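# Commentary on secondary and tertiary structure
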Amino acid sequence: MVVRGLLVLIWLIVALFTVWKFNQPDFYWDTFEEIFWFGLTTSLIALSLPHFKNTLLLFGWALYCAGLLLDITDDFISDATFPLLVLDTSLKNIGFLITCYGMFAMILTKRSVIGLLNQEIEQRQKLEAQLRYEANHDPLTQIGNRKACFETFNDVSNKKPLLFYFDLDDFKQANDKYGHHVGDNILKAFSTSLVKEFGDAFCFRIGGDEFVAFADNTHLDVSVLRDLLLEHIFEYGVGLSIGTAETNPQEQPDTIVQRADSSMYSDKASKIVRTRPRQN
């Protein structure tokens, strides 16, 4: 409301001064041009005051307006009567230079702010990426977790249609015997071997000592695979039971995993039978 009042006042003064000057015998169109630009510049200052906080820029505009006002005034008042009129051009030039510098300083400030915002956005993107990674990866082994396995199951199984289910035999005994630190190392070493064999994108830890992996080789020798995966952890007395299941787009992931789990338990049971002492 105040700004609107100022604008009305400015252009009312401009209009009255123009009408008055137009009726004078020494009217020049140059005077009208100066009055017009004075009104336009002061209006711009009035519009900017509520929103603009750059004091230097406002000061430059004010000096420029003062120079315009003196330029208008010297059309009907002589320099001898009002000596400050000689400063009209200087004030306009100084006001223009200060305005330019104020704009330059404002641009530098905005660039600095934009740079800080870009850094904040980059940090936020990194944090979001880290949170997504942590939500989908096992913190100990750094391979995909159960959530990631089931969320990507269909996409992964389309590329690798054979599902392997792994369970570390006697892991609890090794963990109790050698300590949790060694137990963690066993899990990490097994995960490393798993990734080396199947690829990082196709390996998941879905339980304490249970893992799954996807492969495209249906003729893979399970015995050879078992030896490869146990190469770095067999010294701790840990064994490995392996189950397999072919994936089917028509089946639910839970159903396929359950089939692989049942296959793994069959493998575990057969090993128990083979190692059980003969009864007389």
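Refer to the structure presented above.
Residues numbered from 1 in each chain as written. Predicted model: local features only at pLDDT ≥ 70, side-chain atom pairs only at ≥ 80, totals over all residues. Heavy atoms only, no water.

## Some points on the overall build of the protein chain
For the protein chain, the helix and strand inventory stands at 10 helices and four strands. N-terminal to C-terminal, the α/β element order of the protein chain is α-α-α-α-α-α-β-α-α-β-β-α-β-α. Residues counted as buried form 37% of the 280 residues belonging to the protein chain. Partitioning the contacts of the protein chain with sequence separation of at least 6, the portion at a separation of at least 24 is 67%. Of the accessible surface of the protein chain, which amounts to about 17700 Å², a share of 60% is contributed by carbon and sulfur atoms. (Helix = DSSP H or I, 4+ residues; strand = E, 2+ residues; numbered from the N terminus. Buried < 20%, exposed > 50% of the residue type's maximum accessible area, 1.4 Å probe, protein only. Contact = heavy atoms within 4.5 Å. Areas by Shrake-Rupley, 256 points an atom, 1.4 Å probe, with all protein chains shown as cover.)

## Concerning the pairing of strand S1 (residues 162–169)
Most of S1 is tucked away, with eight of its eight residues classed as buried. Burial along S1 is two-sided: the face carrying Leu162, Phe164, Phe166 and Leu168 and the face carrying Leu163, Tyr165, Asp167 and Asp169 are both buried. Judged from the six bridges that link them, S1 and strand S3 (residues 210–215) form a sheet pairing that is antiparallel. In the strand pairing of S3, Phe164 is matched with Ala213. Relative to strand S4 (residues 239–246), S1 runs antiparallel, the two sharing eight bridges. Residue pairing in the sheet places Tyr165 in a bridge with Gly243 of S4. (Pairing = 2+ DSSP bridges.)

## Comments concerning the packing of aromatic side chains
All told, the structure shown has nine aromatic pairs when counted by the stated rule. Here the aromatic rings of Phe164 and Phe198 are separated by 5.5 Å at their centres, their planes lie at 50°, and the arrangement is tilted. With Phe164 in strand S1 and Phe198 in helix H8 (residues 180–198), this residue pair connects regions lying 34 residues apart in the sequence. A relative accessible area of 8% means that Phe198 is categorised as buried. Seen from their ring centres, Phe204 and Phe214 are 6.2 Å apart, and the 90° between their planes marks the pair as edge-to-face. Within this pair, whereas Phe204 is found in strand S2 (residues 203–205), its partner Phe214 is found in strand S3, the two being separated by 10 residues in sequence. (Phe/Tyr/Trp six-rings, centres within 6.5 Å; stacked < 30°, edge-to-face > 60°.)

In short, shape yes, function no, at least from these values alone.
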